[in-house]
Amino acid sequence: MADNRKYYYLKLKDNFFDGDSIVLLESMQDGILYSNILLKLYLKSLKNGGRLQLDEHIPYTAQMIATLTRHQIGTVERALNIFRQLGLVEELDGGLLYMTDIELMIGQSSTEAERKRAARLENKALWPTRTNGGHLSDICPPEIEIKKEIDIESEKEREKDTGQAAPTVYGRYKNIYLTDTELSELQEELPNTWDFYINRLSEYMASKGKTYDNHAATIRRWAASDITKTTAVQGVATLTCKEGTSL
């Protein structure tokens, strides 16, 4: 009988330990301990989508984390403070901790999936030259490759239906879709910050799992919001200065 239970695993890029946050973390006193705690927290949060919780009602406390990671409570508390400062952990409502980059690291499989993967590796050397005559029904491409193929086909259909060129992907995580016209307009409207907002939206979508129908419009909305906030702050500063001068 096939075992179809779900198993979660951590996917790390080969340059994970070369990232700025990890290098800074491990350069600190007790940094290797902090790094070990971080990896254990990533693993503990996998099945909950990055949330550190015992169940849906009970978030992990520092004491619980110390027990589960087998580290001293003081070491855990210092580590959590540093994780917050480095943006590795975010505190949500009710004190719930969220591992900010976890969406990029979650893998999921089952024993049946592992069996298929092993079969694919075993048969790889035996694959005949591909023809139009058929394929091996039990051997499927990885999920991410399927998604890429779907994305490509969707963009091809859009190009066919609208007569417009398919958009190009941008951003740190290659998840921002912009046509040449949209990119040119953003570069003209935001000459010094267009690339900043593209990467900012890319990182936000990757870490939060968010999606938007129109990436160019979202970037314009974020930029307009930032300009409004800056103008308001400058107005308060000017008013304060005038009041101080009159005294």
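Residues numbered from 1 in each chain as written. Predicted model: local features only at pLDDT ≥ 70, side-chain atom pairs only at ≥ 80, totals over all residues. Heavy atoms only, no water.

Caption draft 1: Spotlight on the overall build of the chain. Along its length, the chain carries 9 helices and 8 strands. Across the 247 residues of the chain, 27% fall into the buried class. Expressed as a percentage of contacts within the chain between residues at least 6 apart in sequence, the contacts between residues at least 24 apart total 57%. As presented, the chain carries roughly 16900 Å² of accessible surface, and 53% of it is formed by carbon and sulfur atoms. (Helix = DSSP H or I, 4+ residues; strand = E, 2+ residues; numbered from the N terminus. Buried < 20%, exposed > 50% of the residue type's maximum accessible area, 1.4 Å probe, protein only. Contact = heavy atoms within 4.5 Å. Areas by Shrake-Rupley, 256 points an atom, 1.4 Å probe, with all protein chains shown as cover.)

Caption draft 2: Highlighting the sheet that holds strand β2 (residues 51–55). If you trace the 4 strands from one edge of the open sheet to the other, you get β3-β2-β5-β4, paired in antiparallel fashion. Every other strand in the sheet has two partners, leaving β3 (58–59) and β4 (89–91) as the edge strands with one partner each. Alignment of β2 against β3, held across 2 bridges, turns out to be antiparallel. When the bridges of β3 are listed, Gln 53 appears paired with Pro 59. (Pairing = 2+ DSSP bridges.)

Caption draft 3: Structural context of the packing of aromatic side chains. Per the stated rule, a full pass over the model turns up 4 aromatic pairs. Plain terms: the ring middles of Phe 16 and Phe 17 are 5.0 Å apart, the flat faces sit at 85° to each other, and that makes the pair edge-to-face. On the basis of relative accessibility, which here comes to 13%, the residue Phe 16 falls in the buried class. Between Phe 196 and Tyr 197 the ring centres are 5.1 Å apart and the planes differ by 70°, which places this aromatic pair in the edge-to-face class. Here a set of aromatic residues connected by ring pairs shows up, and it is made of Phe 16, Phe 17 and Tyr 42. (Phe/Tyr/Trp six-rings, centres within 6.5 Å; stacked < 30°, edge-to-face > 60°.)

Caption draft 4: Quick peek at the nonpolar core. Ranked by internal contacts, the top residues of the largest apolar core, which has 25 residues, are Leu 38, Leu 41, Tyr 42, Ile 65, Phe 83 and Met 99. Mapped onto this core, the elements with two or more residues apiece are α1 (20–27), α2 (31–45), α3 (62–69), α4 (73–86) and β5 (97–99). Setting aside residues no more than four positions away along its own chain, Ile 65 makes contact with Leu 41, Leu 52, Tyr 60, Arg 70, Val 76, Leu 80 and Leu 97. Ranked by size, the runner-up nonpolar core spans 13 residues in total, among them Leu 183, Leu 190, Ile 219 and Trp 222. (Core = buried A, V, L, I, M, F, W, Y, C linked by side-chain atoms within 4.5 Å.)

Caption draft 5: Local environment of the pattern of salt bridges. Counted under the stated rule, the structure contains 6 salt bridges. Residue Arg 172 is joined to Glu 203 by a salt bridge in which the shortest nitrogen-to-oxygen separation is 3.4 Å. One end of the pair, Arg 172, is in the loop between β7 (168–170) and β8 (176–178); the other, Glu 203, is in helix α8 (residues 194–208), with 31 residues separating them in the sequence. Residue classification places Arg 172 among the exposed residues on the basis of a relative accessible area of 54%. The exposure class of Glu 203 is partly exposed, given its relative accessible area of 34%. (Salt bridge = Lys/Arg side-chain N within 4 Å of Asp/Glu carboxyl O.)

Caption draft 6: Fine view of the packing of α2 against α4. At a minimum axis distance of 10 Å, the contact between α2 and α4 shows a crossing angle of 75°. Considering their axes alone, α2 and α4 lie roughly perpendicular with respect to each other. Together, Leu 33, Tyr 34, Ile 37, Leu 38 and Leu 41 of α2 and Thr 75, Val 76, Arg 78, Ala 79, Leu 80, Ile 82 and Phe 83 of α4 make up the contact between the two elements. Taken together, the residues of the contact of α2 with α4 sort by class into 10 nonpolar, 1 polar and 1 charged. (Axes fitted to C-alpha atoms, helices over the stretch in contact; angles between N-to-C directions. Parallel < 35°, antiparallel > 145°, perpendicular 65-115°, else oblique. Nonpolar A, V, L, I, M, F, W, Y, C, P; charged D, E, K, R; others polar.)

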